[in-house]
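Listed below are the residues making up each chain.
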Amino acid sequence: QHSPVIEQFTYGIPSASYNGCETIAVHNAKVLLGMDSTLSDTMEAFQDANAMLACGAFGSDPFSIGYVLQNEGIAYTRVRLDALDKPGTYIISFWNDKPLTEGLHTVAVSYDGSQYTTYNKKGYGDLYFKEPSTYASRFICGYYLG
């Protein structure tokens, strides 16, 4: 999310490196599912689904991700954190360590039955390999995409 490529994208007024985690998570999930995807098309899908908060200034509403997935023709199931136990692709949102100043973050997660890989985990580079239970006290919502 904090790469020079992402900084070239705007989401609303700010750079997507600041507020584009939901769009990046959906884009990453689509790629994990083997779908053709571009970040700009995914951002447009969020705009079309009215999923942006304050015209994108505060990113996107994580509870609106389902509308985006539905509009993209992607089957999903809303899940709790303790239900991330089937192999497949997930999108999860959780509060950052300091929610009042740092807000929330949304990531794509793949699970192969033995290891979780989280994509776009802030502060840990591109990949993060710990179990989603590390977010337990901060979990907001999740989606299972199969």
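Our structure's up above, just so we're on the same page.
Not measured: the values here are computed from a predicted model.

Let us look at the pairing of strand β3 (residues 104–111). Within β3, 7 of the 8 residues are buried, which leaves the element mostly enclosed by the surrounding structure. As defined by bridge partners, strand β2 (residues 88–95) adjoins β3 across 8 bridges and the pair is classed as antiparallel. For Tyr90, the partnering residue across the bridge sits in β3 and is Val109. In this sheet, strand β4 (residues 116–119) lies alongside β3 in antiparallel orientation, the contact comprising 4 bridges. Pairing of Val109 across the sheet is with Thr118, part of β4. Between β3 and β4, which pair antiparallel in sequence order, lie 4 residues; one of them, Gly113, sits at a positive phi of approximately 100°.

For the rest of this paragraph, the subject is helix α4 (residues 39–48). Inspection of α4 places Leu39, Thr42, Met43, Ala45 and Phe46 among the buried residues, and these make up the whole buried set. End-on, the buried residues of α4 take up no more than an arc of 155°, which puts them together on one face. Structural note: α4 exposes Gln47 and Asp48 on the side pointing more than 90 degrees away from its buried face. Just beyond α4, the residue with positive phi is Asn50, at close to 55°.

In terms of nonpolar packing, the biggest core is built from 17 residues, with Val26, Ile65, Val68, Leu69 and Ile91 touching the most fellow members. Within the residue set of this core, elements represented by two or more residues are α3 (21–32), α4, α5 (65–71) and β6 (139–144). Ranked by size, the runner-up nonpolar core spans 13 residues in total, among them Ile92, Val107, Val109 and Tyr116.

The rules behind these values
- Residues numbered from 1 in each chain as written.
- Predicted model: local features only at pLDDT ≥ 70, side-chain atom pairs only at ≥ 80, totals over all residues.
- Heavy atoms only, no water.
- Buried < 20%, exposed > 50% of the residue type's maximum accessible area, 1.4 Å probe, protein only.
- Helix = DSSP H or I, 4+ residues; strand = E, 2+ residues; numbered from the N terminus.
- Pairing = 2+ DSSP bridges.
- Arc of directions from axis to C-beta.
- Core = buried A, V, L, I, M, F, W, Y, C linked by side-chain atoms within 4.5 Å.

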